[in-house]
Amino acid sequence: MTGGSLGIRTGSYGSLQNTNGVIVGGGGLLHSKSSGIIRKSSTKMLSGSREKERSLPYVWCRYLGRRKVSMLLLIAFALLVFVLGSFVVNKESTSPNVDQRTGILGMVPYVNGAPRKPEASRILARKETQKDEHFYVANNLKGGDRNKFPVPASKGASILPFHHPCANFSFPPPPPPNLRRIGPRPCPVCYLSVEEAIARMPSSPSASPVLHNLTYVHDENPIKSEPHGGSDFGGYPSLKQRNDSFDIKESMTVHCGFVKGSKPGRQTGFDFDESDLEELQQFHDIVVASAIFGNYDIIQQPRNISKEAKKNIPFYMFIDEETEAYMKNKSILDSSKRVGLWRIVVIHNVPYSDARRNGKVPKLLLHRIFPNVRYSIWIDGKLQLVVDPYQVLERFLWRQNANFAISRHYRRFDVFVEAEANKAARKYDNSSIDEQVDFYKKEGLTPYSEAKLPITSDVPEGCVLIKEHIPITNLFTCLWFNEVDRFTSRDQLSFAIVRDKIMAKVDWGINMFLDCERRNFVIQGYHRDLLEQMPPPVAAVAQLPPALPNISIRGRTPGKRIPKHGRDKRSGSRRHRKAAVGNRDSNLF
């Protein structure tokens, strides 16, 4: 994929409504009301005849004919309706409400056409009028303010120069409510070509604010000293150690998994084969990683990957022994340890009995598994990457001057609402979720409100992480993992508390882009258990067109042609030609 892309789906628009009693149809303009004709008296007609002769319409009617005059009037009226209709469409496309629905709230044009909570619309709509230094115009257009899309900027983000290929890109207006598709869907995204994206890769690492040196706790005999959760793999950090880890300094040592063993993956409880361990230590600018534990998903092969990415970017898939056994039994995995683009890495001695919690280790601790990598893209096992990694990194990190990017949840933006949704969906036992939320509430976590602007959401859609490996982002994912290790495995619940505590100490931020943009570069599949419950697809049966009916003409004897003469012969042949044309057209359909 070497060309730029403007997205996957575009909106559809409805026709103009009736204007002044005129309906736009396929055959022209039709008046919905017929005008009445009033007969005048003969005296009035005689007295006004000379005046009519002098009038311009009478001259037109006399020299052009009434039919031609009527056609000219209809054409003029059609042009008037067209101009008015174009004005209405342009006015709607440039109205602030459209910008608020597409740009600010993000979820409205793509999810059911309306936000679930009215207060969310009110809170986020105020960003249109805020003149805050944390906001910038992502789509500057020359000569006016039309289609400007205000979005929260990451720290250090700048306005795109006019010569940038995506400088004039903006979201199209949403389709009319009656034409909107129910549910979340992709929205257009402007990518650079692969060559341009590679050229814009930073030559040096981004600056890490305050924190410059980050090391990790090593403990061969971790002891649980408090009633809260934790694990041997995580080292059971105490509450005091947890609180100290949020006090950002120039040099820090924190818990970050892999507390045992000489290096991550060697006798740590999340172990690799020695050959894999050596390969994971190699230097790479970029890696793409995913994982399947508990045979929970089916491997999805990336698409639209450029030759440069296939050559320079490794794709790693981490699996446990259960998934390995299934893949070997199905002849999916052999001694090459490759399945398509994916390089398979088998994990031994997984630290948790919960497959979902095991998946959080590579998801949040890639910087520990790949100590010599600059950038990483994490995608959940059920996702299929359909855009080149260079283009994804350019769009969501390098263009934004960001070093960590994650999408917002498409519907929820409040941790407390997310917790209730997890309980309703039975994602985790309710008592553990309540304990975690109550703990955060005591620490000062409040429901999302306008006071958190320019932060637009407290709930991420955490299936994709785009990260530059620098000390501050490594610290963030370490502390995020510690919360997952201590409380529930639902990382959406612990994201906001870790982010807010770090942002309160240092000048740092996260690029939380729209979920519809995420759906542009990854396709979401189903877990294996759901796929196995689905009925098999019905085989498509090719249907032949129906045979032409055996038409018998009244008065004819089958197989005998009756000659025709004169006028009847010509009309009959014309009817025959029309019938043949009609039958041929029906066969085309």
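Please read all numbers here as calculations on a predicted model, not as lab measurements. (Residues numbered from 1 in each chain as written. Predicted model: local features only at pLDDT ≥ 70, side-chain atom pairs only at ≥ 80, totals over all residues. Heavy atoms only, no water.)

### Re the overall build of the protein chain
Thinking step 1. Of the regular secondary structure elements, the protein chain holds 21 helices and 16 strands.
Thinking step 2. By the burial criterion, 45% of the 589 residues in the protein chain qualify as buried.
Thinking step 3. Taking the contacts inside the protein chain whose residues are at least 6 apart along the sequence as the reference set, 79% of them involve residues at least 24 apart.
Thinking step 4. A total accessible area of about 32,700 Å² is found for the protein chain, and carbon and sulfur atoms account for 53% of it. (Helix = DSSP H or I, 4+ residues; strand = E, 2+ residues; numbered from the N terminus. Buried < 20%, exposed > 50% of the residue type's maximum accessible area, 1.4 Å probe, protein only. Contact = heavy atoms within 4.5 Å. Areas by Shrake-Rupley, 256 points an atom, 1.4 Å probe, with all protein chains shown as cover.)

### A look at the side chain of His 164
Thinking step 1. Note that His 164 resides in the loop between strand E4 (150–152) and helix H7 (194–199).
Thinking step 2. What makes His 164 buried here is its relative accessible area of 6%.
Thinking step 3. One polar contact links the side chain of His 164 to the main-chain amide nitrogen of Cys 166, over a distance of 3.0 Å.
Thinking step 4. Among all residues touching His 164, those that are not within four sequence positions of it are Leu 192, Arg 200, Glu 394 and Arg 399. (Polar contact = N/O pair within 3.5 Å; in protein donor to acceptor, adjacent residues only side chain to side chain.)

### A short note on the pairing of strand E7 (residues 284–292)
Thinking step 1. The buried fraction of E7 amounts to eight of the nine residues, a majority that puts the element mostly inside the structure.
Thinking step 2. Pairing between E7 and strand E11 (residues 373–379): five bridges, direction parallel. Among the inter-strand pairings, Val 288 is bridged to a residue of E11, identified as Ile 377. (Pairing = 2+ DSSP bridges.)

### Regarding the packing of helix H15 (residues 415–424) against helix H18 (residues 491–503)
Thinking step 1. Between H15 and H18, the least distance of the axes is 9 Å, while the angle of their chain directions is 165°. With respect to each other, H15 and H18 are oriented roughly antiparallel. Considering the relative orientation of H15 and H18, their crossing is left-handed. Of H18, the residues touching H15 (which contributes Val 415, Glu 418, Ala 419 and Asn 422) are Gln 492, Leu 493 and Ala 496.
Thinking step 2. Considering only residue class, the contact of H15 with H18 consists of four nonpolar, two polar and one charged. (Axes fitted to C-alpha atoms, helices over the stretch in contact; angles between N-to-C directions. Parallel < 35°, antiparallel > 145°, perpendicular 65-115°, else oblique. Left-handed = near helix turned anticlockwise from the far one by under 90°. Nonpolar A, V, L, I, M, F, W, Y, C, P; charged D, E, K, R; others polar.)

### Considerations on the state of the cysteines
Covalent bonding between the sulfur atoms of two cysteines defines a disulfide.
Thinking step 1. Summed over all chains, the structure comprises three disulfides.
Thinking step 2. Between Cys 166 and Cys 190 runs a disulfide, and the two sulfur atoms are separated by 2.0 Å. With the S-S bond torsion at -80°, the cross-link from Cys 166 to Cys 190 turns out left-handed. On the criterion of sequence distance, the pair formed by Cys 166 in the loop between E4 and H7 and Cys 190 in the loop between E4 and H7 is long-range, its members being 24 residues apart.
Thinking step 3. Taking the relative accessible area as the measure of exposure, Cys 166 reaches 2% and is therefore buried.
Thinking step 4. What makes Cys 190 buried here is its relative accessible area of 6%.
Thinking step 5. What pairs with Cys 256 in a disulfide is Cys 478, and their sulfur atoms sit 2.0 Å apart. Taking the sign of the S-S torsion, -80° for the link of Cys 256 and Cys 478, the bridge is left-handed. Of this pair, Cys 256 sits in the loop between strand E6 (251–254) and helix H9 (274–280) while Cys 478 sits in helix H17 (residues 471–486), and the two are 222 residues apart along the sequence. In terms of burial, Cys 256 and Cys 478 fall into one category: buried.
Thinking step 6. Described in terms of the sequence order of its bonded cysteines, the disulfide pattern of the protein chain is 1-3, 2-6, 4-5. (Disulfide = S-S within 2.5 Å.)

### Here's the deal with the pairing of strand E10 (residues 342–347)
Thinking step 1. Of all six residues in E10, six are buried; the element is thus mostly enclosed.
Thinking step 2. Of the pairings in the sheet, the one linking strand E8 (residues 315–320) to E10 comprises six bridges and is parallel in character. Its bridge partner lying in E10, Asp 320 is registered against Ile 347.
Thinking step 3. Hairpin connection, strand E9 (residues 338–339) to E10: the antiparallel pair is bridged by two residues, and Gly 340 has positive phi, about 65°.

### So, the packing of aromatic side chains
Thinking step 1. Per the counting criterion, the structure on display carries 25 aromatic pairs.
Thinking step 2. Measuring from centroid to centroid gives 5.1 Å for Phe 404 and Phe 476, while their planes differ by 75°, and the two rings are edge-to-face. Note that Phe 404 is positioned in strand E13 (residues 404–408) and Phe 476 in helix H17, a separation of 72 residues in sequence.
Thinking step 3. Taking the relative accessible area as the measure of exposure, Phe 476 reaches 0% and is therefore buried.
Thinking step 4. Taken together, the aromatic side chains of Phe 233, Phe 258, Phe 270, Phe 272, Phe 293, Tyr 316, Phe 318, Tyr 352, Phe 370 and Phe 481 make up a single cluster linked through ring pairs.
Thinking step 5. Stacked on the ring of Phe 246, the Lys or Arg Lys 501 has its end atom at 5.3 Å from the ring centre.
Thinking step 6. In this structure, Arg 519 is placed above the aromatic ring of Tyr 410, and the distance from its NZ or CZ to the ring centre is 5.4 Å. (Phe/Tyr/Trp six-rings, centres within 6.5 Å; stacked < 30°, edge-to-face > 60°. Lys NZ or Arg CZ within 6 Å of the ring centre and 35° of its normal.)

### Comments concerning unusual backbone geometry
Thinking step 1. Cis peptide bonds are those with omega within 30 degrees of zero, and the linkage from Leu 453 to Pro 454 qualifies with 15°.
Thinking step 2. Of note in this structure, Val 210 is not a glycine but carries a positive phi near 65°.
Thinking step 3. By the secondary structure assignment, Val 210 is in the loop between H7 and strand E5 (213–216).
Thinking step 4. Using a relative accessible area of 39% as the deciding quantity, one classes Val 210 as partly exposed.
Thinking step 5. The phi torsion at Arg 426 lies on the positive side, around 60°, for a residue other than glycine.
Thinking step 6. As for its placement among the helices and strands, Arg 426 is situated in the loop between H15 and helix H16 (430–442).

### Topic: the environment of Trp 480
Thinking step 1. Note that Trp 480 resides in helix H17.
Thinking step 2. Beyond its immediate chain neighbours, meaning those up to four positions away, Trp 480 contacts Leu 364, Phe 404, Ile 406, Leu 465, Asp 491, Ser 494, Phe 495 and Val 498.

### Considering the packing of helix H12 (residues 355–364) against H17
Thinking step 1. For the pair H12 and H17, interaxial distance at closest approach is 10 Å and the crossing angle is 175°. Between H12 and H17, the angle is such that the two are roughly antiparallel. Of the residues in H17, those touching H12 at Arg 357, Lys 360, Val 361 and Leu 364 are Thr 477, Trp 480, Phe 481, Val 484 and Asp 485.

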